Amino acid sequence: MIRNYLKIAFRNLLKNRGTSFINIFGLSAGMAVTMLIGLWIWNELSYDKYHANYDRIAQVWQRMSKGDEAGAFNSTPIPLAAALRTSYPDDFKQVVIMADGTHTIAAGEKKFTRTGIFSEPGGPEMLSLKMLKGTYSGLKEQASVFLSARLAAALFGDKDPMDQLVKMDNNRNLVLKVTGVYEDLPENTSFSSTDYIAPWSLFINNWTWIGDARDKWDFNMTKLFVQLADNADMDKVSAKISQVATPHLTLEPGLKEELFLHPMRKWHLYSSFENGVNTGGQIRYVKLFGLIGLFVLMLACINFMNLSTARSEKRAKEVGIRKAIGSMRRQLIWQFLSESVLVAFFSFVLSILIVLIVLPWFNQVANKHIGVLWGSPVFWLIGLGFSLLTGLLAGSYPALYLSSFQPLKVLKGTFRAGRFAAVPRKALIVVQFTVSIILIIGTIVIYRQIQFAKNRPVGYTRNGLLSIQMTTPEIYKNYKIIKNELEGSGMVTAVSESQGPLTDIWAGAGGYKWRGQRSDQEDGFAVIGGRMGYGKTVDWQFIAGRDFSEQFASDSMGIILNEAAAKYMGFDNAVGEIIRKDSLEYHVLGVVHNMIMASPYEEVRPAIYYLLSEPGNFVNIRINPDVTTGKAMAVIQQVMQKYNPAAPFEYKFADEEYAKKFSEEERIGQLSTFFAILAIMISCLGLFGLASYLAEQRTKEIGIRKIMGASVFQLWKMLSKDFVILVSISCCLAVPVAWYCLDRWLLQYEYHTTIVWQIFVFTMLGALLIALLTVSYQAAKAALSNPVKSLRAE
């Protein structure tokens, strides 16, 4: 019987090629989207699961609160590690200090700037690195280093890297022996960019400013990771250690500090903190795309249901004859379900082909390296089971509906589908277009939010501004020569040093006092240090006062505030005001417009700019606008390689780095656009098939109306009216739902756009136009047909 069901199903598919194509293509498109989203969600949910101790690893965070305001940060003081080991030996299996950094790693003539970590000996074991060469104990010696497989291959090629020597930052005190090579970490781990691991002792003994902080509890500059003991509970241990650091700190009145554990399972999906509380993060996109995937698949299933039930009268006699000769209802249900399942399996095969075609583009947009899990039994089990379930769900209503026909009425010709038979189809069309319209409105709002943030004044000139990280002794020693030679070349207009990058804030400080300060004011400021000429290089814009000047020796104790800091301190005219910190007094030289260095979606932090008394971390260069960038870069590269030959010539343009801040939202926007287009396409495909069927059903009626004098426009209007009404209802349902959801989404950004009514009007008109165009082809075709042909068969 099963073979017979499948044979009949296959014949019916061939008999109704147009409907079969719409069903198979629509379902395959929906399944392909669901498969892509499923692979993406699998990648997101498996983040950091590469590490064997995934559910036992956590990072120690601090929460500072004063009144109703609080903030959380993940840097900790060095002495905290020893305190946790000593006080809670039964709760922790490992307590490991780590510090990440970007340094130059060289072997012979080959040199690369790579990101890595300095770790205490237990780090590699805690992270369960897969050692290709060497063992976990290899980091016990200070002059040792582990390399990733890719960095080892880049430095040594096919040569065995073990016991080879590499030099870090071209420093003769940092010649390290390779004692291990580990497998490259996958991209869906928090340590994916780690290309080397060096001993913590090397870090603390070779950077003097770090060594000075080894006993200071108020100097937060390291990351502390722990692995819990097998019988320890994460929440209980987190509560137990909350006050470990408090006795060692001198806090202002009203200020409270506590420690807590942030589990590895939450690092990626729950990375956002608001007012000191973990509020979510990437998980919202997992939920969003999961919902979109289900909606798109639902749209495809709706097409199948609609077209199957719409053709019910065509198959009514078939059902009547089968029942008359003894077929039972459950046999008819199985027959129609077999047709549905066959369509679903054809769609599954086609969906895999679509995924293979689209996957490279999808990976590029999503910034992933996802592949089809060919060798995974789970993938095939889910895929085939998913197809079976989809076929059963999509075919359930048609099967129950068709099998319910009474054979006597069907065979006597008195069967009528009933006045309410079309209601389910109409309801499903409304659902289809409601979902599609919501997706379109969402896509428009996402792009408006991105453009709103991009058009925000940034307070400095990004074009032609680049920075080079200072990693080797040569660049520090030759900085003044490099600066003079570059400025003398005519290719650049300004060169300066800074403590941090141009598009990020690396440091913050508190303890500042000023005139009129209220007791409830938090005094944590972003602090940016630069050498003389920093302002000219970035081309910041003054509201009041002046820049640092070499003409005034007192400027070494001068500071410049941004607009947010001056407003926060309550100064109408901040120039000349005295700002105190500890025993030192700083005078305000000027106030500049807010420079957006962090997130463009957040309010600008109050910032203090000061003169560096020691070398910075970055060389900032302003290219002369009168010369081409290519010509200027050739000269810059020549000078840098001349005076800093030990480091590769690597640079970052400020405008490109700033553009990266929009990458996540742009990815969401591009994916949303793709899903919205696909949703409206699937909806229109179903509408086209249904319009085609209804036009076919009313062929004789149209012929009679034409003979009686009806015009083509009147016939087109008659056939299109019902669909326009349904899409109009969809618009009315979609608008309030879209407004509510998107308004809540925008609230997560401090700096966000508004939802204007024009978006809804534009989308509704667009949806109506698309629906009209979809239906009009079939309506016009039926209206223009020769009535003699349609009536002659009677």
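Keep in mind that what you see is a predicted model, and the values were worked out from it rather than measured. (Residues numbered from 1 in each chain as written. Predicted model: local features only at pLDDT ≥ 70, side-chain atom pairs only at ≥ 80, totals over all residues. Heavy atoms only, no water.)

## A word on the overall build of the protein
Step number 1: In terms of helices and strands, the protein carries 25 helices and 25 strands.
Step number 2: Relative to its 794 residues, the protein shows a buried fraction of 50%.
Step number 3: Taking as baseline every contact in the protein between residues at least 6 positions apart, the subset at least 24 positions apart corresponds to 79%.
Step number 4: Accessible area of the protein: about 37,900 Å², with a carbon and sulfur share of 58%. (Helix = DSSP H or I, 4+ residues; strand = E, 2+ residues; numbered from the N terminus. Buried < 20%, exposed > 50% of the residue type's maximum accessible area, 1.4 Å probe, protein only. Contact = heavy atoms within 4.5 Å. Areas by Shrake-Rupley, 256 points an atom, 1.4 Å probe, with all protein chains shown as cover.)

## Section: unusual backbone geometry
Step number 1: Its identity as a non-glycine residue notwithstanding, Asp48 has a phi of 70°, on the positive side.
Step number 2: In this structure Asp48 comes out as buried when scored by relative accessible area, which is 0%.
Step number 3: For Ser128, which is not glycine, the phi dihedral falls at a positive 50°.
Step number 4: Along the chain, Ser128 turns up in the loop between helix H4 (123–126) and strand E5 (131–134).
Step number 5: Take Ser128: its relative accessible area is 13%, and that puts it in the buried class.

## Considerations on the pattern of salt bridges
A side chain with one charge can pair with a side chain of the opposite charge if their charged atoms come near.
Step number 1: By the definition in use, this model includes 16 salt bridges.
Step number 2: Among the salt bridges present, the one from Arg85 reaches Glu120, with a minimum N-O distance of 2.5 Å. Taken as a pair, Arg85 in helix H3 (residues 79–87) and Glu120 in the loop between strand E4 (110–119) and H4 lie far apart in primary sequence, 35 residues in all.
Step number 3: In this structure Arg85 comes out as partly exposed when scored by relative accessible area, which is 36%. (Salt bridge = Lys/Arg side-chain N within 4 Å of Asp/Glu carboxyl O.)

## Let's talk about the environment of Trp217
Step number 1: On the secondary structure map, Trp217 appears in the loop between helix H7 (208–211) and strand E10 (223–228).
Step number 2: Along the backbone, Trp217 and Pro79 are 138 residues apart, and their C-alpha atoms lie at a distance of 6.5 Å.
Step number 3: In this structure Trp217 touches Pro77, Pro79, Leu80, Ala83, Ala245, His248 and Leu249, once residues within four positions along its chain are discounted.

## Some thoughts on the pairing of strand E22 (residues 584–592)
Step number 1: Relative to E22, strand E19 (residues 542–545) is paired through three bridges, and the arrangement is antiparallel. Counterpart to Ala544 in the pairing with E22 is Val591.
Step number 2: Judged from the five bridges that link them, strand E20 (residues 558–562) and E22 form a sheet pairing that is parallel. The residue bridging Ile560 from the neighbouring strand is Gly590, located in E22.
Step number 3: Here strand E21 (residues 578–581) folds back onto E22 in antiparallel fashion, the turn holding two residues, of which Asp582 has a positive phi close to 55°. (Pairing = 2+ DSSP bridges.)

## Points about H3
Step number 1: Among the residues of H3, those classed as buried are Pro79, Leu80, Ala81, Ala83 and Leu84.
Step number 2: Elements in contact with the buried residues of H3: strand E1 (57–66), strand E3 (92–107), E10 and strand E11 (255–263).

## A closer look at the packing of aromatic side chains
Step number 1: For the structure on display, the rule yields 27 aromatic pairs.
Step number 2: Their ring planes at 75° and their centres at 6.2 Å tell us that Phe118 and Tyr196 sit as a pair that is edge-to-face. Here the residue Phe118 occupies a position in strand E4, and Tyr196 occupies one in strand E9 (residues 196–199), the gap between them amounting to 78 residues. Judged on exposure class, the residue Phe118 and its partner Tyr196 are both buried.
Step number 3: Taken together, a centroid distance of 6.0 Å and an interplanar angle of 80° make the contact between Phe525 and Tyr568 edge-to-face. Placement of Phe525 in strand E18 (residues 525–530) and of Tyr568 in helix H18 (residues 563–569) is noted, with a sequence separation of 43 residues between them.
Step number 4: According to the relative accessible area criterion, Phe525 is buried, its value standing at 1%.
Step number 5: Judged by its relative accessible area of 28%, Tyr568 falls in the partly exposed class. (Phe/Tyr/Trp six-rings, centres within 6.5 Å; stacked < 30°, edge-to-face > 60°.)

## Thoughts on a nonpolar patch on the surface
Step number 1: A cluster of nonpolar side chains, namely Leu353, Leu356 and Trp374, defines an oily patch on the protein surface of about 300 Å² accessible area.
Step number 2: Structurally, the position occupied by Leu353 is in helix H11 (residues 329–366). (Patch = residues over 30% accessible without salt bridge, like charges linked within 9 Å, V, L, I, M, F, W, Y side chains within 5 Å.)

## Description of the environment of Gly280
Step number 1: Note that Gly280 resides in strand E13 (residues 277–280).
Step number 2: For Gly280, a relative accessible area of 5% gives the class buried.
Step number 3: Put simply, Gly280 and His268 are twelve residues apart on the chain and 9.4 Å apart in space, counted from C-alpha to C-alpha.
Step number 4: Every residue in contact with Gly280, bar those within four places of it in the chain, is listed here: Leu269, Tyr270, Ser271 and Ser272.

## So, helix H23 (residues 712–746)
Step number 1: Look at H23: 48 Å from first C-alpha to last across 35 residues, which is about the 51 Å you get at 1.5 Å a residue.
Step number 2: The largest bend along H23 reaches roughly 40° and is located at Ser720. (Expected span 1.5 Å × (residues − 1). Bend = angle between axes of the 7 residues up to and from the residue.)

## Examining the state of the cysteines
Step number 1: By the definition in use, this model includes zero disulfides.
Step number 2: Residue Cys732 stays outside any disulfide, its sulfur separated by 6.7 Å from that of Cys731, the closest cysteine. (Disulfide = S-S within 2.5 Å.)

## As for the packing of helix H16 (residues 479–488) against helix H19 (residues 629–643)
Step number 1: Between H16 and H19, whose axes approach to 10 Å, the crossing angle comes to 155°. As far as their axial angle goes, H19 and H16 are roughly antiparallel. Here H16 and H19 pass one another in a crossing that is right-handed. Touching Ile481, Ile482, Glu485 and Leu486 of H16 are Val635, Ile636, Val639, Met640, Lys642 and Tyr643, all from H19.
Step number 2: Split by residue class, the contact of H16 with H19 holds eight nonpolar, no polar and two charged. (Axes fitted to C-alpha atoms, helices over the stretch in contact; angles between N-to-C directions. Parallel < 35°, antiparallel > 145°, perpendicular 65-115°, else oblique. Left-handed = near helix turned anticlockwise from the far one by under 90°. Nonpolar A, V, L, I, M, F, W, Y, C, P; charged D, E, K, R; others polar.)

## Quick look at a negative patch on the surface
Step number 1: Side chains of Glu274, Glu602, Glu603 and Glu750 sit close together on the surface and give a patch of like negative charge.
Step number 2: With respect to the helices, strands and loops of the structure, Glu274 is situated in strand E12 (residues 272–274). (Lys, Arg positive; Asp, Glu negative; His and termini not counted. Charge placed at Lys NZ, Arg CZ, Asp CG, Glu CD.)

## Quick word on the environment of Gly459
Step number 1: Within the element layout of this structure, Gly459 appears in the loop between helix H14 (423–454) and strand E14 (465–469).
Step number 2: Classification of Gly459 as buried rests on a relative accessible area of 7%.
Step number 3: Once the C-alpha coordinates of Gly459 and Asn594 are considered, the two residues, 135 residues apart in sequence, prove to be 5.4 Å apart.
Step number 4: Beyond its immediate stretch of four places on either side in the chain, Gly459 contacts Asp539, Trp540, Gln541, His593, Asn594 and Met595.

## Considerations on the side chain of Glu657
Step number 1: Along the chain, Glu657 turns up in helix H20 (residues 654–659).
Step number 2: Here Glu657 falls in the buried class, since its relative accessible area comes to 18%.
Step number 3: Contact partners of Glu657, with chain neighbours within four places excluded, come to Thr503 and Lys652.

## A closer look at the side chain of Thr537
Step number 1: If you trace the backbone, Thr537 turns up in helix H17 (residues 534–538).
Step number 2: Its relative accessible area of 0% is what places Thr537 among the buried residues.
Step number 3: Of note is the side chain of Thr537, whose polar atom sits 3.1 Å from the side chain of Ser496.
Step number 4: Residue contacts for Thr537: discarding those within four places in its chain leaves Leu465, Ala494, Val495, Ser496, Asn620, Ile621 and Arg622. (Polar contact = N/O pair within 3.5 Å; in protein donor to acceptor, adjacent residues only side chain to side chain.)

Shape is all these values report; function is a separate question.
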